[in-house]
Amino acid sequence: MAAPPLPEVGEKIEVDCLRIAYGGQGIARMDTGATVMLTRAVPGERLRALVTRRRRRHVEAQTTEVLAASPDSVTPPWSALFATCGGCQLQHMAYDAQLVTKRQWVVDAIARSPGGAAATLPCSHVY
């Protein structure tokens, strides 16, 4: 199966953020099927972005504009530090959405570990 065509560096694209990868980058998929890793994205947002790097199977892009905000989008409490602080990857998301995202990171990590596919977490709700 051939990989989907990737946009070029410098190309402007519009995508919908699907979820957040471990580390805080948004994941989107273009209409062509190409995967896009985005800065400052919240699941459910429609974004305009600038492609900054092409990889073998995906592109990385800098979010330039939020075209349609997600219900889970919030103004970061420390917006002056948001762009530079390594601990602020999710500060632009509502707290409940942050918890759902972090829980999914744990579920994904367990599923990738040896024997992890059979493992389950004891509770399915967020506190």
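Criteria and cut-off values
Residues numbered from 1 in each chain as written. Predicted model: local features only at pLDDT ≥ 70, side-chain atom pairs only at ≥ 80, totals over all residues. Heavy atoms only, no water. Helix = DSSP H or I, 4+ residues; strand = E, 2+ residues; numbered from the N terminus. Buried < 20%, exposed > 50% of the residue type's maximum accessible area, 1.4 Å probe, protein only. Contact = heavy atoms within 4.5 Å. Phe/Tyr/Trp six-rings, centres within 6.5 Å; stacked < 30°, edge-to-face > 60°.

(A) Molecular detail of the overall build of the protein. A tally of regular secondary structure across the protein gives two helices and five strands. Put simply, the protein runs from its N terminus to its C terminus through helices and strands in the order β-β-β-β-β-α-α. Residue burial in the protein is summarised as follows: out of 127 residues, 32% are buried. Taking contacts inside the protein between residues at least 6 apart in sequence as the whole, the part at least 24 apart equals 43%.

(B) Structural view of the packing of aromatic side chains. Under the defined criterion, the tally for this structure stands at one aromatic pair. Each ring, one from Tyr-22 and one from Trp-105, has its centre 5.1 Å from the other, and the planes form 75 degrees; the classification is edge-to-face. Here Tyr-22 is found in the loop between strand E1 (12-20) and strand E2 (26-29), whereas its partner Trp-105 is found in helix H2 (residues 95-112), with 83 residues between them in sequence. Overall, Tyr-22 belongs to the exposed group, its relative accessible area being 71%. We classify Trp-105 as buried; its relative accessible area is 14%.

(C) Representation of the environment of Arg-53 in the model. Within the secondary structure, Arg-53 sits in strand E4 (residues 46-54). Through-space distance from the C-alpha of Arg-53 to that of Val-9 is 5.7 Å; in sequence the pair is 44 residues apart.

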